[in-house]
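Summary of the model geometry
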Amino acid sequence: MKSTTTGQFARWPRRVAAVLPLASMLMLAPVPVVHADEPPTLAPFSSAQGAQAPQPWRFTTLPNKAPTRFEVVQQDGFPRTAAELRLLPGIGAYTSAAIAAIAFGERAAAVDTNVERVVARLHGLKQMPPADAERLTLALLPADRPGDFVQAMMDLGATICRPRKPRCDACPLAPDCRAFASGDPEAFPERRRRAARPHRHGVAYWIERGGSVWLVRRPARGMLGGMAALPGGEWGDAGSDRLNAIGTVSHVFTHFSLDLAIVPRSEPEGEGWWQPLEGLSEAGLPTLYRRAAELVLAARRAA
Ligand code: SF4
């Protein structure tokens, strides 16, 4: 079995060859390792794990990345349109549009905060509702080589039209840019006030037997979708029952913070598997649960 390299992509059709770099861009980890003569498909992103993955695909596991985060679309070949790509769990509007435009030449508006800022400044808009950002970006997209346009906008937003001190002197859009014409481009768009981050509570169960811990897989959709986890209940606003808790892990997600109490249990909860503690790093636990496991093991060493 040989590893695929970028040079080897060159022998494949451009669109097919785009699959792996894009998958890598999307952090569709683990990274697939393939026979060099086999064109890539979505097969490695099936629910199979590690050595269970179908030949000739195998995964190499990256830290914190679950092999099963993405499900395979049950169709032949790679989904090609933004609408089809959007059906893949874990792929949002921006990513699906970026893949569709860059790999498959669709006129799809990939709007992240960088692109949104460029478009707002170009039109001299202080406010930019998401629907307007998509509509205005779409209006700018050329029919020819939309993928190049999408990448150019990404680069422009990241390196030239920066949030602070935009480099208008180096910007090809300057002659048409209303924000530049205003003399104060940085004022566009107005900064949004960050909403207060809510705080949640949860419980995770530490169930250990014979040198292994019981792990489950989180639902495909939602927070940490499809990733390995300790079993536990829903996360809510109310404080959780922390009776006999080994400890609590505090974690900050983008939209909320969480206190997760780690509580010992003796019987397995839900559908899962026994993961040997010595191989815990290979389970693909996200940071939250990896820290929970570290907390338990550190408490044991200190006892
Ligand atoms: S001219 Fe300045 S403000 Fe306008 S798009 Fe270019 S970098 Fe941004």
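All values derive from a computational prediction rather than experimental measurement.

Let us now look at the overall build of the protein chain. Counting its secondary structure elements, the protein chain contains 10 helices and 8 strands. Of all 303 residues assigned to the protein chain, the portion counted as buried reaches 32%.

The full set close to the ligand counts 15 residues, and C161, C168, C171, C177 and P185 are the nearest of them. Looking at the shell around the ligand, the elements with two or more residues in it are α6 (113-123) and α9 (178-182). Here the shell around the ligand takes 3 residues from α6, the largest share from any one element. When its residues are assigned to classes, the shell around the ligand shows 13 nonpolar, no polar and 2 charged.

Per-residue confidence for the protein chain averages 78 on the pLDDT scale, and 72% of its residues sit at or above 70. By mean pLDDT, strand β2 (residues 58-60) is the weakest element of the protein chain at 33, and α9 is the strongest at 97. Confidence drops under a pLDDT of 50 for residues 27-40, and excluding neighbours within four residues, the segment shows 39 contacts in the predicted structure.

Take α6 next. The element α6 is largely enclosed, with a buried count of 8 among its 11 residues. Where α6 is concerned, the buried positions are V115, E116, R117, V118, V119, A120, R121 and L122. Those residues of α6 hidden inside the fold are in contact with α7 (130-140), α8 (146-160) and α9. Just downstream of α6, G124 is the residue with a positive phi angle, here 65 degrees.

So, about the packing of α6 against α7. Following both chains from N to C, one finds α6 and α7 inclined at 75 degrees, their axes separated by 10 Å at the closest point. In terms of orientation, α6 and α7 fall into the roughly perpendicular class. In this structure, α6 contributes V115, E116, V119 and H123 to the contact, and α7 contributes A133, L136 and T137.

Turning next to the pairing of strand β3 (residues 199-209). By the bridge criterion, 9 bridges tie β3 to strand β7 (residues 257-265) in an arrangement that is parallel. Across the sheet, V203 pairs through a bridge with A261, a residue of β7. Relative to strand β4 (residues 212-217), β3 runs antiparallel, the two sharing 2 bridges. Across the sheet, R209 pairs through a bridge with S212, a residue of β4. If you look at the hairpin formed by β3 and β4, you'll find 2 residues sitting between the two strands, and G210 has a positive phi there, around 55 degrees.

It is worth spelling out the packing of α6 against α8 at this point. Interhelical geometry of α6 versus α8 gives an angle of 85 degrees and a closest axis separation of 8 Å. What the angle tells us is that α6 and α8 run roughly perpendicular. In this structure, α6 uses N114, V115, R117 and V118 to contact α8, whose residues at the interface are M153, M154, L156, G157 and A158. Across the contact of α6 with α8, the residue classes tally to 6 nonpolar, 2 polar and 1 charged.

Criteria and thresholds
Residues numbered from 1 in each chain as written. Predicted model: local features only at pLDDT ≥ 70, side-chain atom pairs only at ≥ 80, totals over all residues. Helix = DSSP H or I, 4+ residues; strand = E, 2+ residues; numbered from the N terminus. Buried ≥ 20, exposed ≤ 12 C-beta atoms within 10 Å, placed from the backbone. Near = placed C-beta within 6 Å. Nonpolar A, V, L, I, M, F, W, Y, C, P; charged D, E, K, R; others polar. pLDDT = per-residue confidence, 0-100. Contact = placed C-beta atoms within 7 Å. Axes fitted to C-alpha atoms, helices over the stretch in contact; angles between N-to-C directions. Parallel < 35°, antiparallel > 145°, perpendicular 65-115°, else oblique. Pairing = 2+ DSSP bridges.

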